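Read off the chains here:
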Amino acid sequence: MQRVHVMQKSALTIGMIVIAVILLFPIVITFTNSLMTEREIEINYGMIGFLGETTSANVNRMVNIKLIPDQVSLEQYGQLLIYTPKYLAMFWNSVFLVVPIIAGQTVIAALAAYAFSKLKFRGRDIWFLIYVLTMLMPFQVTLVPNYIMADQLGILNSSKAILLPAIFSAFGVFMLRQFMLHIPYAYIEAAKIDGAGHMRIFLTIIMPLMKPGIAGLVVLLFVDYWNMVEQPLIFLEDPFKQPLSVFLSKVNDGERGIAFAASMLYMAPMVLLFLYAESHFIRGIQLSGIKG
Amino acid sequence: MLFLLPSVIGFALFYLVPFVMGVSYSFMNSSVERQFVGLDNYNELFASDSFRKAASNTFIFTVVSVPLMLVISLGLALVLNQSVYFRKWLRTAYVLPLVVPVASIILMWQILLDWNGSLNVWLQYFGFERVDWMKTDAARYVVIAVYLWKNVGYNIILFLAGLQQIPQDYYETACMEGAGRFRQFSSITLVYLIPTMFFVVIMSIINSFKVFREAYLIAGDYPHDSIYMLQHYMNNMFMSLDIQKLTAAATLMAGCIMFIVIGLFIMERYFRQSVE
């Protein structure tokens, strides 16, 4: 009986590992290939976009995906960081967009989530439903009015046109509210009896308990806005203001040699943040998903 | 009330008012003249081939990929929830694609999916014909695969949380009363997962709209017909300044989303009452 159990467990584990390997494959390849020399990249991937007929005779002219570089080098990173300043400039563009969005949305959403989960007022549930509904809409739905709004506020072609709507997005409110529902109301009652006001309760009781929820939200927002493509394309005409996400997608043949390193540079902050905050992040997501 | 104020002001200014404006534009002849024209824009919209194509693609994509996602992520979550080795490591591996920026993985998709790409190298190696992944109907499967790749981990986490909520003694009681594994799954696991399931469905729908980014980054403004989504259509209408069609399409899409979500909420309420 015990033997059968171990065998079944091992078989399932192997199956799950195979799936994990497939999922991680693109990420691992990006990493190892970022250590190739530009020449090796050109040899292996030069055929992308070539539309002529390839036969089995010249099959070696097709893409040759390679896990381990022939020659490990930091050439790409050197090129990227020293000789191509525009990449770094765009990296910072991304940072200056994403950090204020995360900070702003988290603060405003935490306040609103407190109201939606712990205070009682008329129309609360209707308002919340409206928040949820707009959260579900794709960006394109309010594209035109948002554009006109930005134009009238005079913030078109400035990062504010992206920052301001993002800060007030309903997503943070939704997630933190779901999370706050797990905090027992009795805590607040007790604090009220001791004479604490709502601000005091919010800062000293709710916020400390909210850590996993906020960690979850921060990672999810980071994922979403670090990836932003549509908004900058429409609201920022100036190519020098674009974040790296837009730019990386337009890497052309001449720049393929350093594209892997650029991708790694772009991926690294996300992945490191995730690994650092993983347990909080997962708890945060899980508690927002189950009813208390 | 002060807690809500900053959020409500910003929310109204950047979401609610624009949304109402958008809906009202969809009934006007131009945003300059502002004459009410009834359903003219909608009639024109429905007459447009590219709109019909985009709408049906978006519909098909959501209808196919969301259930597929549910089945796959629930299956993986069930296995992970049982006994496997390296459980924590596996969970991390499944979630990792979620945090990898789309743009930094685009190059990989190109390498895999190009006419001269790796997938075709492998196909040829095993004696199959090459497939031009992004320029044939195969593009649809590519986009579904990318969607699954990216979002499966998130749903697994949600399902794991739901599974851990189910008290273990329910299963023990069922076991003693002689319920088989399948019976236990269908009348305990599935039933108690329903609240989680609704949340997962909603998040999966949101994320299925976000797959547009991947499609856009891989294939540009005018991808192959099979992955031309409503968002492509709306973006292109914006670029050609056809505000009427854009707002009409947006209003329709918003209406459909509302319909689905409110339907889901009603269903959830109904299910929860029947459980209690």
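In this text the structure is predicted, and so the values were computed from the model without any measurement.

A. View of the overall build of chain B. Scanning chain B from N- to C-terminus turns up 11 helices and 0 strands. Order of helices (α) and strands (β) in chain B, N terminus to C terminus: α-α-α-α-α-α-α-α-α-α-α. With respect to the three principal axes, the spread of C-alpha positions in chain B is 75 × 60 × 35 Å. Intrachain contacts of chain B at a sequence separation of at least 6 include 70% that bridge at least 24 residues.

B. View of the overall build of chain A. Along its length, chain A carries 14 helices and 0 strands. Each helix (α) and strand (β) of chain A, taken in turn from the N terminus, gives the series α-α-α-α-α-α-α-α-α-α-α-α-α-α. With 292 residues in all, chain A has 43% of them scored as buried.

C. Up close: the interface of chain A and chain B. In this assembly, 74 residues from chain A lie in contact with 74 residues from chain B. Top contributing element to the side of chain A that touches chain B by residue count: helix H14 (residues 256-289) of chain A, with 13 residues. When the residues that make up the side of chain A that touches chain B are grouped by side-chain class, the tally is 56 nonpolar, 15 polar and 3 charged.

D. Here's a closer look at unusual backbone geometry. One non-glycine residue with positive phi stands out, namely Asn 157 of chain A, at about 60 degrees. Looking at the element boundaries, Asn 157 of chain A is found in the loop between helix H6 (143-152) and helix H7 (160-167). With 14 C-beta atoms counted inside 10 Å, the residue Asn 157 of chain A sits in the partly exposed group. Unusually for a residue other than glycine, Leu 241 of chain B sits at a positive phi of about 60 degrees.

E. Expanded view of the domain arrangement of chain B. All names here are of chain B. Domain boundaries in chain B define domain 1 (1-38) and domain 2 (51-275). Relative placement of domain 1 and domain 2: their C-alpha centres are 31 Å apart. Every contact between the two is made by 6 residues of domain 1 and, on the other side, 6 residues of domain 2.

F. Summary view of the packing of H6 of chain A against helix H1 (residues 5-25) of chain B. At a closest axis distance of 8 Å, the pairing of H6 of chain A and H1 of chain B adopts a crossing angle of 120 degrees. Crossing handedness for the pair H6 of chain A and H1 of chain B: right-handed. Contact residues: Val 144, Pro 145, Asn 146 and Met 149 of chain A in H6 of chain A; Phe 14, Pro 18, Met 21, Gly 22 and Tyr 25 of chain B in H1 of chain B. Along the lines of polarity and charge, the residues of the contact of H6 of chain A with H1 of chain B split into 7 nonpolar, 2 polar and no charged.

G. Examining the environment of Phe 91 of chain A more closely. Residue and element names in this part refer to chain A. Checked against the element boundaries, Phe 91 lands in helix H4 (residues 85-118). C-beta crowding within 10 Å serves as the criterion here: with 19 such atoms nearby, Phe 91 is assigned to the partly exposed category. In this view, Phe 91 contacts Leu 244 and Leu 265; residues no more than four positions away in its chain are not counted.

H. View of the domain arrangement of chain A. Residues and elements named next belong to chain A. Here chain A is described as being made up of domain 1 (2-75) and domain 2 (77-289). A straight line from the C-alpha centre of domain 1 to that of domain 2 covers 33 Å. When contributions to the side of domain 1 that touches domain 2 are tallied by element, the ones reaching two or more residues are helix H1 (2-33) and helix H2 (38-45). No other element matches the 4 residues that H2 contributes to the side of domain 1 that touches domain 2. Grouping the amino acids of the side of domain 1 that touches domain 2 by side-chain chemistry returns 4 nonpolar, 3 polar and 3 charged.

I. Broad picture of the environment of Arg 213 of chain B. Summarising the element assignment, Arg 213 of chain B is placed in helix H9 (residues 181-219). In this structure Arg 213 of chain B touches Asn 227 and Val 229 of chain A together with Val 102 of chain B, once residues within four positions along its chain are discounted.

What counts, and where the lines are drawn
- Residues numbered from 1 in each chain as written.
- Chains lettered and ligands numbered in written order.
- Predicted model: local features only at pLDDT ≥ 70, side-chain atom pairs only at ≥ 80, totals over all residues.
- Helix = DSSP H or I, 4+ residues; strand = E, 2+ residues; numbered from the N terminus.
- Contact = placed C-beta atoms within 7 Å.
- Buried ≥ 20, exposed ≤ 12 C-beta atoms within 10 Å, placed from the backbone.
- Nonpolar A, V, L, I, M, F, W, Y, C, P; charged D, E, K, R; others polar.
- Domains from an automatic or database assignment.
- Axes fitted to C-alpha atoms, helices over the stretch in contact; angles between N-to-C directions.
- Left-handed = near helix turned anticlockwise from the far one by under 90°.

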